[in-house]
Amino acid sequence: MAAAHVQPSSRRPFCVRPSSSPVAPPSMAAIQAGRLKDALLVVAAHEDSTDIFSTNVKLVDVASGATVGQLDGQHTDHISAAAGLICIVPAGASGSAIRVLNPATGGITDIPAGPTVVAHGGWIAQSSYVFAHISTTKEYKLLRIITSRGRHDDKLKQSCEILTLGGRGQGWRPAPSPPVLLSTTVPRQRAVTAGFAHFLTATRTIGYDGIASFDMVKEEWRPCLLPGPLPSGSRNCCQSNLSLVELNNCLAFVHHDYLSYCIDMWVLEDMGEAKWLQIESLHFKSFLSGFEELEKGQLAPLIPVSRRKEIFAQPLMVMDDGRIAFWVRFPNGVVRVYDPKTRKCEDAVRMGSASSFVGLYKGSQVELS
């Protein structure tokens, strides 16, 4: 990853630390040796209780619950993971470097970022990022989408830049602007699969389930939007109920239907034909707490207000035995595994209410070079 525009950091490395868990934590050496190639590793961001502006990044083994790597005190607006590397974008207008962590080696690489929030020519601009690994070229790329808002009329416009880690070019280079206004403020409304970065649109007139796709290899937008799988009667639903997810290298579309208290999931079978396959429709009470008391025919509120209810679940991975791992964000922050055969679930890792999910992958995906 050596190149003119990326510099190894002199700051403290990503620390592989022992855990107080009674189960012996796996080490990165074990991952490197291939003994934990099938281990599931969760990347999570945990808010620092002593500093509201600080985030601690953790790498956790799902089987044991042990923290096998941690980097504390990060002031960040965005954290993402791709093929074993972790990307941390600095917060606000600090202009600090973007940090790319390699948990397998403990290495940290800094990339010049520039401020993520700037004011220029009567516009206020805010940046969002997508971190991707392109399996065909073995490259890592960062796509930056800059959303500018007029000071007086709130008009929005978006532009793009792209950077290849350790590759061609000297730093950021221009990329085509999106074909429509994109949803960039909610991380779960974008996903990267098979070399494409997919985004839900932010334009109600064309339906919130429309998807714009950026080809990370060709560095261009697909000319046509990808229509989502929602039935026509559901396309004006609340956009906050929709998610895009990378699920076993496929693009998955997730709809939290709070009127029928179900989570509906589809996977994209054919991008060219816009063909979706529905894989699950799970009742909330099957694996979320707080909905057991709902009787047949009783409608759940559009936005549940009870603190006892777990109101959101993000699918993470379909495991080899068919079970599905979910991240349940509110109120507890837990990785939960659901078995469609038995319709039972169990909590694999409890992260706490101050945690948020970043990424999940097998030990065999950790980049060792």
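Calculation criteria
Residues numbered from 1 in each chain as written. Predicted model: local features only at pLDDT ≥ 70, side-chain atom pairs only at ≥ 80, totals over all residues. Heavy atoms only, no water. Helix = DSSP H or I, 4+ residues; strand = E, 2+ residues; numbered from the N terminus. Buried < 20%, exposed > 50% of the residue type's maximum accessible area, 1.4 Å probe, protein only. Contact = heavy atoms within 4.5 Å. Areas by Shrake-Rupley, 256 points an atom, 1.4 Å probe, with all protein chains shown as cover. Salt bridge = Lys/Arg side-chain N within 4 Å of Asp/Glu carboxyl O. Phe/Tyr/Trp six-rings, centres within 6.5 Å; stacked < 30°, edge-to-face > 60°. Lys NZ or Arg CZ within 6 Å of the ring centre and 35° of its normal. Pairing = 2+ DSSP bridges. Axes fitted to C-alpha atoms, helices over the stretch in contact; angles between N-to-C directions. pLDDT = per-residue confidence, 0-100.

Caption draft 1: Spatial organisation of the overall build of the protein chain. Summing up its helical and strand segments, the protein chain has 2 helices and 26 strands in all. Taking all 369 residues of the protein chain together, the buried fraction comes to 50%. Counting only contacts in the protein chain whose residues sit at least 6 apart along the sequence, the fraction spanning at least 24 positions is 47%. Summed over all atoms, the accessible surface of the protein chain reaches about 17,200 Å², with 52% contributed by carbon and sulfur.

Caption draft 2: Main features of the pattern of salt bridges. Tallying each qualifying case throughout the model produces 9 salt bridges. Salt-bridge contacts for Glu 269 lead to Lys 275; the nearest nitrogen and oxygen are separated by 3.9 Å. One continuous salt-bridge network, built from bridges that share partners, spans Lys 141, Arg 173 and Glu 219.

Caption draft 3: Representation of the side chain of Thr 193 in the model. Among the secondary structure elements, Thr 193 is positioned in strand E14 (residues 190–193). With near-sequence residues (within four places) excluded, Thr 193 lies in contact with His 198, Glu 246, Asn 249, Cys 250 and Leu 251.

Caption draft 4: Seen up close, the packing of aromatic side chains. As enumerated under the stated definition, the model contains 9 aromatic pairs in all. When the ring of Phe 214 is compared with that of Trp 221, the centres are 5.1 Å apart and the planes differ by 70°; the resulting orientation is edge-to-face. For Phe 214, a relative accessible area of 0% corresponds to the buried category. What makes Trp 221 buried here is its relative accessible area of 10%. With 6.0 Å between their ring centres and 70° between their planes, Phe 253 and Trp 276 make a pair best called edge-to-face. One end of the pair, Phe 253, is in strand E19 (residues 250–257); the other, Trp 276, is in strand E21 (residues 275–283), with 23 residues separating them in the sequence. Each member of the pair, Phe 253 as well as Trp 276, carries the same accessibility label: buried. Over the face of the ring belonging to Trp 172 we find Arg 144, whose NZ or CZ atom lies 4.0 Å from the ring centre.

Caption draft 5: Local environment of the sheet that holds E21. The strand order E18-E19-E20-E21 describes an open sheet built from 4 strands, whose pairing is antiparallel. If you trace the sheet from one side to the other, it starts and ends with strand E18 (242–247) and E21, each paired once. Between one strand and the next, the sheet's axes are offset by a mean angle of 25°, whatever the strand orientation. With 6 bridges connecting them, E18 and E19 associate as antiparallel partners. Along E19, the bridge assignment pairs Leu 244 with Phe 253.

Caption draft 6: The sheet that holds strand E15 (residues 196–200), seen in detail. Across the sheet, 4 strands lie side by side as E14-E15-E16-E17; this open sheet has antiparallel pairing. Each edge of the sheet is formed by a strand with only one pairing partner; in this case those strands are E14 and strand E17 (220–221).

Caption draft 7: Summary view of the environment of Leu 200. Mapping Leu 200 onto the fold places it in strand E15. On a C-alpha basis, the gap between Leu 200 and Arg 190 in space is 6.4 Å, while along the polypeptide they are 10 residues apart.

Caption draft 8: Focus on the confidence of the model for the protein chain. When pLDDT is averaged along the protein chain, the result is 75, and 72% of the positions lie at 70 or above. Counting contacts from residues 1–37, a segment whose pLDDT is below 50, to residues more than four positions away or on other chains yields 91 contacts.

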